[in-house]
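Here's the letter readout for the chains.
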Amino acid sequence: MNSRQTALSTDDYLDLYLLAKEIKDETWQQETLAALKTQQNRSFEEKQSALVQEIWEDFKQLNEDISFTYRLIQKEPTNEQFQTKLRHLRERRIMLSRELYLAKKQYVEHTQ
């Protein structure tokens, strides 16, 4: 989109659709509806992409935390706090893996 173009909102598309319907221009109705669907798909894809990126960043940080905790356990193998922390981190990683899988699955299903 160049600087002279402005993105239309969903409301704008609906207004255009209703206007086309009022003047009985079926071609314009279909074009407006198609443009609205394209906009909604693009919006969903952008949100899903951002969500997947955010989950990946959390996942990377979590792996670093796990690695650090392993090093602490190697220095103090009997420290229960470290063992408990590691268990919680592993559980969180499983949850993030599921979130990532679901986000990717929704994206793929939506784009098909």
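Nothing here was measured: the structure is a model prediction, and the numbers come from that model.

So, on to the overall build of the protein. The helix and strand tally for the protein stands at three helices and zero strands. Scanning the protein from its N terminus toward the C terminus, one meets helices and strands in the order α-α-α. Over its C-alpha atoms the protein spans a radius of gyration of 24 Å, topping by over 25% the 13 Å that the globule rule assigns to 112 residues. When burial is assessed residue by residue, the protein has 19% of its 112 residues classed as buried. Relative to all contacts within the protein whose residues are 6 or more apart in sequence, the contacts with residues 24 or more apart total 56%. Surface summary for the protein: the accessible area is close to 8,900 Å², and the carbon and sulfur share equals 51%.

Here the focus is the side chain of Gln48. Tracing the backbone shows Gln48 in helix α2 (residues 26-75). A distance of 3.5 Å separates polar atoms of two side chains, one belonging to Gln48 and the other to Gln106.

Structurally, Asp15 is set in helix α1 (residues 10-22). With relative accessibility at 52%, the residue Asp15 sits in the exposed group. Along the primary structure Asp15 and Thr32 are separated by 17 residues, whereas in three dimensions their C-alpha atoms are 9.6 Å apart.

Let us look at the pattern of salt bridges. Within the structure shown, the criterion is met by two salt bridges. Taking the shortest distance from any N to any O, the salt bridge between Glu57 and Lys60 comes out at 3.8 Å. You can see Glu57 and its partner Lys60 sitting in helix α2, three residues apart, about one turn around the helix. Accessibility expressed as a relative area gives 39% for Glu57, which makes it partly exposed.

Okay, the packing of aromatic side chains next. In this structure the tally under the stated criterion is one aromatic pair. Geometrically, the ring pair formed by Trp56 and Phe59 is edge-to-face, given 5.8 Å between the ring centres and 85 degrees between the ring planes. Of this pair, Trp56 and Phe59 are both found in helix α2, three residues apart, which corresponds to roughly one turn of the helix. Of the residues examined, Trp56 reaches a relative accessible area of 32% and is grouped as partly exposed.

Listed in full, the 12 residues of the largest apolar core are Val52, Ile55, Phe59, Leu62, Ile66, Ile73, Phe82, Leu86, Leu89, Leu96, Leu100 and Ala103. Taken together, the elements giving at least two residues each to this core come down to α2 and α3 (80-111). Contact partners of Ile73, with chain neighbours within four places excluded, come to Phe82, Gln83 and Leu86.

On to the environment of Glu45, then. With respect to the element layout, Glu45 can be found in helix α2. You can call Glu45 partly exposed: its relative accessible area is 28%. Setting aside anything within four residues of it in sequence, one finds Glu45 in contact with Tyr107 and Thr111.

Calculation rules
Sequence order sets the numbering: in each chain, residues are counted from 1 along the sequence as written. In view of the model being predicted, local features appear only for residues whose pLDDT reaches at least 70, and side-chain atom pairs are presented and counted only at 80 or more, with totals across whole chains, interfaces and linings using the full set of residues. The side-chain values count all of the structure's non-hydrogen atoms but skip hydrogen atoms and water molecules. Counting from the N terminus, the helices are DSSP H or I runs at least four residues long and the strands are E runs at least two residues long. The globule rule used here is 2.2 Å times the number of residues to the 0.38 power, and the radius of gyration it is set against is calculated over C-alpha atoms. Each residue gets one of three labels from its accessible area relative to the maximum for its type: buried under 20%, exposed over 50%, partly exposed in between, using a 1.4 Å probe on protein chains only. Every residue pair with non-hydrogen atoms within 4.5 Å of one another is taken to be in contact. Accessible surface is estimated by sampling points in the Shrake-Rupley manner with a 1.4 Å probe; for residues, cover comes only from the protein chains shown. Polar contacts, as used here, are pairs of N or O atoms within 3.5 Å; protein pairs need one atom able to donate a hydrogen and one able to accept it. Residues neighboring in sequence count only if both atoms are side-chain atoms. Salt-bridge detection follows one rule: a side-chain nitrogen of Lys or Arg within 4 Å of a carboxyl oxygen of Asp or Glu. Only rings of Phe, Tyr and Trp enter the pairing, Trp through its six-membered ring, and a pair is recorded when the two centres are within 6.5 Å. The plane angle decides the type: under 30 degrees is stacked, over 60 is edge-to-face, the rest tilted. What makes a nonpolar core is a set of buried Ala, Val, Leu, Ile, Met, Phe, Trp, Tyr and Cys residues whose side-chain atoms join them at distances within 4.5 Å.

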